[in-house]
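Chain by chain, the residues run as shown.
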Amino acid sequence: PKKFLETAKTALKPRRPGGKLPVVVAARFAVFIALLQQMQFFHPLDNGWTDSLFRHRGIESADPRVIVVEIDDASLKKIGSFPFPRGVYARLIDRLVEFGVKVVALDVLFIDPSTPEQDALLVDATRRHEDFVVHSAMLDPDVNFENRMIMPFPALEKAASHIGIVNQALIDSDGSVRQASLVIGRKHRRDLGIYEWAGDPLALPSLGLKALSVFEGKPVKEYLERVGISLWLNFRGEEF
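Quick summary incoming for the structure in this document.

A word on a nonpolar patch on the surface
On the surface, a nonpolar cluster with roughly 270 Å² of combined accessible area is contributed by Ile 71, Leu 76 and Phe 82. Along the chain, the position of Phe 82 falls in the loop between helix 4 (73–79) and helix 5 (86–98).

Pasting the structure below:
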């Protein structure tokens with residue numbers, strides 16, 4: 001061992017004056033780069049590069065299995081008021097299920113009760129088709145240090161078997177959205193692992209992920225174990 005140490009010292013000993021200088025410079029440069037990375041100095045450059053890739057790729061067609069039922073001018077004119085009476089959504093759920101739709105994900109927040117009659121229609125439709133319907137919840141915008149969930153009104157929350165969250169929690173400093181949150185728990189930290197959030201009884205998957213899990217009949221946890229708690233949007237070749 002002594003001879004080995006002597007040989008190692010000889011090999012590592014600078015062969016000319018100032019031989020340690022490159023090592024010192026490299027170490028300081030590495031620390032400098034690490035500090036810049038910690039300060040997110042490179043994020044705008046990375047985001048710009050990502051945007052350039054999207055522009056170069058161009059628009060791609062959406063999954064044909066996904067159909068968007070819009071609230072447009074024609075529907076507003078026909079029904080005559082907004083927000084729509086909740087019986088309208090109840091009839092919509094019934095018709096979509098009749099048409100053979102596998103999942104109905106409602107990107108509409110039913111937070112406060114309306115009239116008892118209209119609420120009962122929506123609750124009954126949700127209960128009849130509980131295996132197909134995903135309702136929406138949201139994060140409370142007035143709470144900054146934790147994620148507080150605002151759920152559907154109590155009777156609807158009780159009837160709903162599937163609920164997903166609709167807030168976009170990952171917004172870059174320039175206001176663009178390049179990542180999607182797949183699950184959100186109470187603690188407002190981006191670096192929490194999936195198991196810490198999964199252990200939170202108030203953790204909720206995104207509306208899109210919950211709809212996918214219902215469609216494919218797989219637990220949400222399976223997707224999170226494969227891709228983590230967030231997903232870069234529209235990267236070529238990235239699939240569940």
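A look at the packing of aromatic side chains
All chains considered together, the criterion is met by three aromatic pairs. For the pair Phe 82 and Phe 84, a centre-to-centre distance of 5.4 Å together with 80 degrees between the ring planes defines the contact as edge-to-face. For Phe 82, a relative accessible area of 53% puts it in the exposed group. What makes Phe 84 buried here is its relative accessible area of 9%. On the basis of an interplanar angle of 75 degrees and a centroid distance of 5.1 Å, the ring pair of Tyr 89 and Phe 110 is categorised as edge-to-face. In this pair, Tyr 89 sits in helix 5 while Phe 110 sits in the loop between strand 1 (104–105) and helix 6 (116–128), placing the two residues 21 residues apart along the sequence. Accessibility expressed as a relative area gives 6% for Tyr 89, which makes it buried.

So, the pattern of salt bridges
Scanning the entire structure with this criterion turns up seven salt bridges. Two residues, Lys 221 and Glu 225, come together in a salt bridge whose shortest N-O distance is 4.0 Å. Residue Lys 221 and its partner Glu 225 are located together in helix 10 (residues 220–227), separated by four residues, close to a single helical turn.

A short note on the pairing of strand 2 (residues 133–139)
Where burial is concerned, most of strand 2 is hidden: seven out of the seven residues are buried. Alternating residues of strand 2 divide into Val 133, His 135, Ala 137 and Leu 139 and Val 134, Ser 136 and Met 138, and every residue in both groups is buried. With two bridges connecting them, strand 1 and strand 2 associate as parallel partners. Counted as the bridge partner of Val 104 is Val 133 from strand 2.

Rules and cut-offs
All residue numbers refer to position in the chain's written sequence, counted from 1. With the structure being a predicted model, the display of local features is reserved for residues of pLDDT at least 70 and the display and counting of side-chain atom pairs for 80 or more, all residues being used for whole-chain, interface and lining totals. Excluding hydrogens and water, the side-chain values take into account all heavy atoms of the structure. In this scheme, patches are assembled from residues that exceed 30% relative accessible area and form no salt bridge. Like charges are connected within 9 Å, while nonpolar side chains (Val, Leu, Ile, Met, Phe, Trp, Tyr) are connected within 5 Å. For the area figures, the Shrake-Rupley method with a 1.4 Å probe applies, and any residue is considered shielded solely by the protein chains shown. Salt bridges, as used here, are contacts in which a Lys or Arg side-chain nitrogen is within 4 Å of a carboxyl oxygen on Asp or Glu. Note on conventions: DSSP H or I runs of at least 4 residues are helices, E runs of at least 2 residues are strands, and numbering of each starts at the N terminus. Any two of the Phe, Tyr and Trp rings considered here, Trp counted by its six-membered ring, make a pair once their centres fall within 6.5 Å; the pair's planes then place it as stacked at under 30 degrees, edge-to-face at over 60, or tilted in between. Only protein chains enter the area calculation, which uses a 1.4 Å probe; residues under 20% of their type maximum are buried, those over 50% are exposed, and those in between are partly exposed. One requirement defines pairing of two strands: DSSP has to find at least two bridges between them.

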